[in-house]
Amino acid sequence: MGDVLPFKKKSLKEKHKGSSLCRDGFHKWKVVTKQQFDVKQGKLVTKSQCLRCGKTKTELL
Ligand SMILES: [Zn+2]
């Protein structure tokens, strides 16, 4: 009675699709704040965030 459909695992693979570049270090940086004064470092920094994985970085000017 009734057919049992085989469970397909494909969500895991698709989750990681598109972020392979990030894993290789090729992030898609987008500048979030330009020349913001970082109190910690006492310098002007530019904050960027990766559009794909959400990783952030700060660059000293
Ligand atoms: Zn990334």
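See the structure shown above.
Residues numbered from 1 in each chain as written. Predicted model: local features only at pLDDT ≥ 70, side-chain atom pairs only at ≥ 80, totals over all residues. Heavy atoms only, no water.

1. Quick notes on the overall build of the protein chain
Next up, step 1: When helices and strands are tallied, the protein chain shows 2 helices and 3 strands.
Next up, step 2: Buried positions account for 13% of the 61 residues belonging to the protein chain. (Helix = DSSP H or I, 4+ residues; strand = E, 2+ residues; numbered from the N terminus. Buried < 20%, exposed > 50% of the residue type's maximum accessible area, 1.4 Å probe, protein only.)

2. Some words on the side chain of T46
Next up, step 1: Positionally, T46 belongs in strand β2 (residues 43-50).
Next up, step 2: For T46, the contacting residues outside a window of four places in its chain are V31, T33, K34, Q35, K57, T58, E59 and L61. (Contact = heavy atoms within 4.5 Å.)

3. Looking at the coordination of the zinc ion
Next up, step 1: In this structure, C22 (SG), H27 (ND1), C50 (SG) and C53 (SG) serve as the protein donors to the zinc ion, at separations of 2.1 to 2.4 Å.
Next up, step 2: One can describe the site at the zinc ion as tetrahedral: its 4 donor atoms subtend angles covering 103 to 117° at the metal.
Next up, step 3: Counting gaps between the donor residues of the zinc ion yields the pattern C-x4-H-x22-C-x2-C. (Donors = N, O, S within 2.8 Å, 3.2 Å for Na, K, Ca; no water. Tetrahedral: all angles 85-135°; square planar, octahedral: opposite > 155°, others 65-115°.)

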